[in-house]
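Now for the letters of each chain:
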Amino acid sequence: MRENNNFDKMNDGADGKDEGKETLLSEEKNSAAGAEKDCLDWLDEEIPVQSENGGQGRENSAKTAGRDKKRKRRENPDIRDGVRYNKKGEVAIFQPFTVKDIVFLAIIGAAALITSAVMPLVAQVPIFGLPQLVTGLQMSVFPTIGLMKVRKTGSVFIVSLLVSVLELFMAPAMGVTSLISAIIIEAINILTFKGYRKDIACFVSGMLINPMTLPFYYLYCMAFETDSIFFKAAGDSPWVAVGISVAVIAVCALGAGLGILISREIRKAGLMKK
């Protein structure tokens, strides 16, 4: 019996030692797992990289910022959605032209020139300003439509340039005076309206295209073509020339007004954007 009891005690002691060993092993495993986790967490943290030179990092960031600014300047941040703005955030007077703008203005100039084909019919009638009178309506309607679409400084000059190139072959005086008139009209627009953003600017510029050629045409004939029948007619009948000039202004004002109305109707139909 005593031997059995001693054997049982020995077994109990062995079991206790085994349980103690298992407990120690589990604790060691847990502690090892915890240490490994802490190590991994430490590795996951962001470690700030210090440059060899103390201010080298700041210098590199400054250089990068400088390059970004230069890149933005090259990209021209003053142009947004195809519209250029000045330093004050206002729409700039001079806007960049696109190929679409030039093509549209060329079509406008061609339409105005084709519809002005009636001018040769009165080329030999000795009345000063008669060619401008018979072409005043079409030479104000179409350019005004072009200005209502392409509201950029220089649009009148582009239309007049395209028209004057063809006029030079038919009547050099008309071609030269058209270009001079276009430059004067652009200057008036810049000083008065600062662009074609307003409809009144389009109206005034479209109205002045033909009447503006009258005084310059007279001066051109005085300098180079004194034998012109229109120059002689102005000297022989000055009051008739004045009356015709007033009629040219009235017809061109009517044409510019029609151009504004036509443009607005086309815009309402969704065929032309401002």
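This is a predicted model, so every value here is computed, not measured.

What counts and what doesn't
Residues numbered from 1 in each chain as written. Predicted model: local features only at pLDDT ≥ 70, side-chain atom pairs only at ≥ 80, totals over all residues. Heavy atoms only, no water. Axes fitted to C-alpha atoms, helices over the stretch in contact; angles between N-to-C directions. Helix = DSSP H or I, 4+ residues; strand = E, 2+ residues; numbered from the N terminus. Parallel < 35°, antiparallel > 145°, perpendicular 65-115°, else oblique. Left-handed = near helix turned anticlockwise from the far one by under 90°. Contact = heavy atoms within 4.5 Å. Buried < 20%, exposed > 50% of the residue type's maximum accessible area, 1.4 Å probe, protein only. Polar contact = N/O pair within 3.5 Å; in protein donor to acceptor, adjacent residues only side chain to side chain. Core = buried A, V, L, I, M, F, W, Y, C linked by side-chain atoms within 4.5 Å. Nonpolar A, V, L, I, M, F, W, Y, C, P; charged D, E, K, R; others polar. Expected span 1.5 Å × (residues − 1). pLDDT = per-residue confidence, 0-100.

Student: Quick question: what am I supposed to make of the packing of helix 8 (residues 199–208) against helix 11 (residues 238–268) here?
Tutor: Two packed helices can be described by the angle between their axes and the distance between those axes. Contact pair helix 8 / helix 11: the axes reach a minimum separation of 8 Å and the direction vectors enclose 140 degrees. Overall, the two elements helix 8 and helix 11 adopt an arrangement that is oblique. Note on packing geometry: the crossing formed by helix 8 with helix 11 is right-handed. Contacts between helix 8 and helix 11 involve Asp-199, Cys-202, Phe-203, Gly-206 and Met-207 on the former and, on the latter, Ile-249, Cys-252, Ala-253, Ala-256, Gly-257, Ile-260 and Arg-264.

Student: Would you explain the side chain of Gln-138 in this entry?
Tutor: Along the chain, the position of Gln-138 falls in helix 5 (residues 138–149). What makes Gln-138 buried here is its relative accessible area of 12%. From its side chain, Gln-138 meets the backbone oxygen of Thr-115 in a polar contact 2.9 Å long. If we ignore the near neighbours within four places in the chain, the residues touching Gln-138 are Ala-112, Thr-115, Ser-116, Val-118 and Pro-143.

Student: Sorry if this is basic, but what is going on with the side chain of Lys-152 here?
Tutor: Checked against the element boundaries, Lys-152 lands in the loop between helix 5 and helix 6 (155–170). Judged by relative accessible area, Lys-152 falls into the buried class, the value being 13%. Polar contacts involving the side chain of Lys-152 include one to the main-chain carbonyl oxygen of Pro-96, which spans 2.7 Å. If we skip the residues at most four places from it in the chain, Lys-152 touches Gln-95, Pro-96, Phe-97, Thr-98, Asp-101 and Tyr-196.

Student: Before we go on, may I ask you to explain the environment of Gln-138 in this structure?
Tutor: Sequence spacing of Gln-138 and Asn-210 is 72 residues, and the spatial spacing of their C-alpha atoms is 9.9 Å. Side-chain polar atoms of Gln-138 contact the backbone oxygen of Val-134, separated by 3.3 Å.

Student: Please explain the environment of Ile-183 as it appears in this structure.
Tutor: With respect to the helices and strands, Ile-183 occurs in helix 7 (residues 172–192). The partly exposed category is assigned to Ile-183, whose relative accessible area is 48%.

Student: I tried to follow the nonpolar core on my own but got confused; where do I start?
Tutor: Across soluble globular proteins, nonpolar side chains show a tendency to be buried alongside one another. If you look at the biggest cluster of nonpolar residues, it comprises 37 residues, and the most contacted ones within it are Phe-128, Val-156, Ile-185, Tyr-196, Cys-202 and Tyr-217. At the level of elements, helix 3 (99–115), helix 5, helix 6, helix 7, helix 8, helix 9 (213–224), helix 10 (229–236) and helix 11 are the ones that each hand at least two residues to this core. It is helix 11 that provides the largest number of residues to this core, a total of 6 residues. Ignoring anything within four residues of it in the chain, the contact list for Tyr-196 reads Leu-147, Arg-151, Lys-152, Thr-153, Gly-154, Val-156, Glu-186, Asn-189, Ala-201, Cys-202 and Ser-205.

Student: Quick question: what am I supposed to make of the packing of helix 7 against helix 8 here?
Tutor: Two numbers describe how helix 7 lies on helix 8: the axes approach to 10 Å, and their chain directions differ by 160 degrees. Here helix 7 is positioned roughly antiparallel relative to helix 8, judged by the angle of their axes. Of the two elements, helix 7 crosses helix 8, and the hand of that crossing is right-handed. Across from Ile-185, Ile-188 and Asn-189 in helix 7, the residues of helix 8 making contact are Ala-201, Ser-205 and Leu-208. The residue makeup of the contact of helix 7 with helix 8, split by class, is 4 nonpolar, 2 polar and no charged.

Student: Please explain helix 7 as it appears in this structure.
Tutor: Think of an α-helix as turning once every 3.6 residues; residues three or four places apart then point the same way. Across its 21 residues, helix 7 extends 30 Å between first and last C-alpha, which sits within 8% of the 30 Å expected from 1.5 Å per residue. Inspection of helix 7 places Ala-173, Met-174, Gly-175, Thr-177, Ser-178, Ser-181, Ala-182, Ile-185, Glu-186 and Asn-189 among the buried residues, and these make up the whole buried set. Looking one or two residues beyond helix 7, the residue adopting positive phi is Lys-194, at roughly 55 degrees.

Student: Even after reading the chapter, I still don't get the confidence of the model for the protein chain, so can you show me in this structure?
Tutor: Close inspection of predicted coordinates is inappropriate for parts of the model with low pLDDT. This prediction gives the protein chain a mean pLDDT of 77; 66% of its residues lie at or above 70. At the level of individual helices and strands, the protein chain shows its lowest average pLDDT in helix 1 (residues 2–44), which scores 48, and its highest in helix 8, which scores 94. Taken together, the stretch residues 11–22 has pLDDT below 50 and engages in 0 contacts with residues farther than four places along the chain or on a different chain. Considering only residues more than four positions removed or in separate chains, one finds that residues 42–52, a stretch of pLDDT under 50, has 2 contacts.

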